[in-house]
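Structural characterization, general
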Amino acid sequence: TVAGSLFTWRASGYLVGAVWCGDVLHRMPNAAAVFLAPLLVASLGVYSLPWCSEYPVACFIFFFQGLPMGMLDTGGNVLMLALWRGSPYQNGFEHAFHFFFGCGAAL
């Protein structure tokens, strides 16, 4: 269906964003600065979607909405690992974070 393919476009953007964010994080000295551009791009995608009336444009918007989503999730995990670096609790907090993220996704 058409709606299902839009979510495929978003998932494709998510994959590209997650992989690309790893490279960006290696190049940037401050990982928190990586969050500004993806947040702006995601908000523009949410803002522009209600006025979209053509399928190819919607695919473009969904792809570029998934791109920052992947970047934000990858960057968040990297920042969390950097925050807890050297702590004996790092493994537990990482697992708890992903557990609660999964619970929220299931709801």
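Fair warning: this is a prediction, and the values are worked out from it, not measured in the lab.

A few points about the environment of Pro 38
Here Pro 38 is to be found in helix 2 (residues 36–48). For Pro 38 and Gly 17, which are 21 residues apart along the polypeptide, the C-alpha to C-alpha distance reads 9.3 Å. With sequence-adjacent residues up to four places away left out, Pro 38 is seen in contact with Pro 68, Met 71 and Leu 72.

Side note on a nonpolar patch on the surface
Together, Val 2, Trp 9 and Tyr 55 line one region of the surface with nonpolar side chains, adding up to about 300 Å² of accessible area. With respect to the helices and strands, Val 2 occurs in helix 1 (residues 2–27).

A short note on the pattern of salt bridges
Overall, the coordinates contain 1 salt bridge when judged by the stated rule. We note a salt bridge from Arg 27 to Asp 23, for which the minimum N-O separation is 3.1 Å. Of this pair, Arg 27 and Asp 23 both sit in helix 1, 4 residues apart, roughly one helical turn. In this structure Arg 27 comes out as exposed when scored by relative accessible area, which is 65%.

Thresholds, definitions, all that
Residues numbered from 1 in each chain as written. Predicted model: local features only at pLDDT ≥ 70, side-chain atom pairs only at ≥ 80, totals over all residues. Heavy atoms only, no water. Helix = DSSP H or I, 4+ residues; strand = E, 2+ residues; numbered from the N terminus. Contact = heavy atoms within 4.5 Å. Patch = residues over 30% accessible without salt bridge, like charges linked within 9 Å, V, L, I, M, F, W, Y side chains within 5 Å. Areas by Shrake-Rupley, 256 points an atom, 1.4 Å probe, with all protein chains shown as cover. Salt bridge = Lys/Arg side-chain N within 4 Å of Asp/Glu carboxyl O. Buried < 20%, exposed > 50% of the residue type's maximum accessible area, 1.4 Å probe, protein only.

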